[in-house]
2 protein chains.
Amino acid sequence: MGTRPEQDDRFDTLAIVGVGLLGGSIALAARAQGAARRIVGIGRNRERLLKAKLAGVVDDVAVDLSSARDAGLVVVCTPVDRIVADVAAAASASPAALITDVGSVKGSVCRGVEQSTTPHGRFIGSHPLAGSEQQGWENATATLFQGRVCVLTPAESSCAEDVARLERFWGKLGMTVVRMSPEDHDRTLALTSHLPHAVASALAALLTAEDLTFAATGFRDTTRIAAGDADLWTPIFLNNAEAVTERIGQLARRLEQFRQALAAGDAGTVQRLLEEGRRGRESLNP
Amino acid sequence: MGTRPEQDDRFDTLAIVGVGLLGGSIALAARAQGAARRIVGIGRNRERLLKAKLAGVVDDVAVDLSSARDAGLVVVCTPVDRIVADVAAAASASPAALITDVGSVKGSVCRGVEQSTTPHGRFIGSHPLAGSEQQGWENATATLFQGRVCVLTPAESSCAEDVARLERFWGKLGMTVVRMSPEDHDRTLALTSHLPHAVASALAALLTAEDLTFAATGFRDTTRIAAGDADLWTPIFLNNAEAVTERIGQLARRLEQFRQALAAGDAGTVQRLLEEGRRGRESLNP
């Protein structure tokens, strides 16, 4: 396996299925980094797609996955509960294409693709850990992935050269790529992404109109991600239910420890629990 | 009660007891807004105070509250469990001064001052809803209070002119002033400030070294306030224990609802709970 010249790595056609915040940002970043010559945006709403083309986010648009047939790489950016079907459709349209996704859960997606009765071509799961509570390609930026981590979940059957090429693609977009099993990914992200969302949402839901004046930066930061689209997050949670319910249990036990210490006026335990939290948070700022 | 000319409102000497992030920011803001002619910083660590003077944060320093005797206004910015004693000391040193504090709880502080056997002069509780997980006057800024809310908790015995003057002081620093009873303040802040801190802390404490790579902006934002000083937060929690334990219970019940819906694969309930969280968060962005 010789070293390929750098230009070989550029995809002639990159197809993005689902041109929202992530899909749009991949398009912008891939163009900015010369990762693709031509970018086709595929979706269900032709009008929105044409606006994205007009805004220079994609070069061409289509409402049909058969338009992905010339693509060297197809990135499926649809909600978690639609990924398996969209990967199958892309693989049918373009059996030779490398296919990936950006779903926040990987176990159900990778199992679903593998068990799908339709051919699944050369699929490798990805999860770029970047995003925002904002939605739509209007909020997309070419720098969304800079300095962030992308998890790749190749199967044992994945071709090593495909994995390496996909790794180089995310690398060009500015990401550090980490390989994991889909199961390890889901267990870890249950803590680092799904649990914070559940907690932020529960906290935000307690707010009443009378409290608004008194919610300062602390409340705002702690609940920011709760503004995320419930339609996108519901399938994420349902597809990682086991790991998330376990994590909610862990958090609930810790909160209950804190509540009991407070109720008992046990300053030592309150201080120790807060100190453990502080150390956990500080470990994120090396 | 005639209208006073604007310059009358300037305090000749402003004493700040506890020159940390908040005390330092009050000093910088009061100078920038012409709210005081001379600012004395009072604290326990003379060396740190002298550095704050050298940095131009305060004009004079003292390690003894008797140095507040010339002050027209004393702002006590010490931790919640020291406020009552510091107010009493300031009132002894300077019986004619208007005295306030910046504590995050008001019930125990106001009751403590009122019941204190030493004279408590003209004390009115304040809580400027501004701050940061950062500490020390080195992080102080003159703009910390701009556009924020300050809660005032006057007693029935408070002199109306004192309340109005204190209101104008915080107003000059850029704050919108709201009057409340200490009890209403504590109940409301239990939700908007103390509960988020407890939750962020519990979440951050679950993080292990292996998870660090996978904690992106969502986890970081949700746990940011957990980096706050445990020494400052322990007395805040202990002094608002009843309201906070009740709020923790509310949050725990909501999380348990969510956990059960997930475990049952109940998409409708998961979506509804997330939607309620989204609406709560959106209500903060009018």
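See the structure shown above.
Residues numbered from 1 in each chain as written. Chains lettered and ligands numbered in written order. Predicted model: local features only at pLDDT ≥ 70, side-chain atom pairs only at ≥ 80, totals over all residues. Heavy atoms only, no water.

Draft legend 1. Representation of the interface of chain B and chain A in the model. Taken together, the contact pairs 76 residues of chain B with 76 residues of chain A. Taken together, the two surfaces of chain B and chain A that pack against each other cover about 7000 Å², and 72% of this comes from carbon and sulfur. Its largest share of buried area at the contact with chain A, chain B owes to F214, R281 and L284 of chain B, together 11% of the area lost on that side. Along the contact surface separating chain B from chain A lie 2 salt bridges. (Contact = heavy atoms within 4.5 Å. Buried area = accessible area lost by both parts, 1.4 Å probe. Salt bridge = Lys/Arg side-chain N within 4 Å of Asp/Glu carboxyl O.)

Draft legend 2. Geometry of the relation of the copies chain B and chain A. The two copies are related by a screw motion: chain B maps onto chain A through a turn of 180° and a shift of 0.0 Å along the axis, at an RMSD of 0.0 Å. This pairing of chains is accounted for by a two-fold axis. The rotation axis passes nearest to the C-alpha of T222 of chain B in chain B, at a distance of 2.0 Å. A shared binding surface is used by both copies, with 100% of the interface residues of chain B retained as interface residues in chain A. (Least-squares fit on C-alpha atoms with pLDDT ≥ 70 in both.)

Draft legend 3. How the structure looks around the packing of helix 10 (residues 267–282) of chain A against helix 8 (residues 230–238) of chain B. It is the contact of helix 10 of chain A with helix 8 of chain B, at a shortest axis distance of 9 Å, that shows an interaxial angle of 135°. With respect to each other, helix 10 of chain A and helix 8 of chain B are oriented oblique. By crossing handedness, the relation of helix 10 of chain A to helix 8 of chain B is classed as right-handed. Contacts between helix 10 of chain A and helix 8 of chain B pair A267, V270, Q271, L274, E275 and R278 of chain A from the former with A230, D231, W233, T234, F237 and L238 of chain B from the latter. (Axes fitted to C-alpha atoms, helices over the stretch in contact; angles between N-to-C directions. Helix = DSSP H or I, 4+ residues; strand = E, 2+ residues; numbered from the N terminus. Parallel < 35°, antiparallel > 145°, perpendicular 65-115°, else oblique. Left-handed = near helix turned anticlockwise from the far one by under 90°.)

Draft legend 4. Broad picture of the environment of E133 of chain B. Residue and element names in this part refer to chain B. Tracing the backbone shows E133 in the loop between strand 7 (125–128) and strand 8 (149–153). With 118 residues separating them in the primary sequence, E133 and L251 have C-alpha atoms 23 Å apart. Setting aside its immediate chain neighbours within four residues, E133 contacts R224, I225, A227 and G228.

Draft legend 5. A look at the sheet that holds strand 4 (residues 73–76) of chain A. Residues and elements named next belong to chain A. In spatial order, the strands read 3-2-1-4-5-6; together these 6 strands make up an open sheet with parallel pairing. Two strands lie at the open edges of the sheet, namely strand 3 (60–62) and strand 6 (122–123), each paired on one side alone. Here strand 1 (residues 11–17) runs beside strand 4; their pairing, made up of 4 bridges, is parallel. Across the sheet, I16 pairs through a bridge with V75, a residue of strand 4. (Pairing = 2+ DSSP bridges.)

Draft legend 6. Main features of the pattern of salt bridges. Across all of its chains, the model carries 36 salt bridges over all chains by this definition. Taking the shortest distance from any N to any O, the salt bridge between R224 of chain B and D221 of chain A comes out at 2.4 Å. With R224 of chain B in the loop between helix 7 (217–223) and helix 8 and D221 of chain A in helix 7 (residues 217–223), the pair connects residues from two separate chains. By relative accessible area, which is 19% here, R224 of chain B ends up buried. On the basis of relative accessibility, which here comes to 24%, the residue D221 of chain A falls in the partly exposed class. One salt bridge connects E256 of chain A with R259 of chain A, and the closest N-O pair in it is separated by 3.0 Å. Within this pair, E256 of chain A and its partner R259 of chain A are both found in helix 9 (residues 241–263), separated by 3 residues, close to a single helical turn. Classification of E256 of chain A as partly exposed rests on a relative accessible area of 29%. The network of salt bridges with shared partners includes D9, E161, R165 and R168 of chain A. (Buried < 20%, exposed > 50% of the residue type's maximum accessible area, 1.4 Å probe, protein only.)

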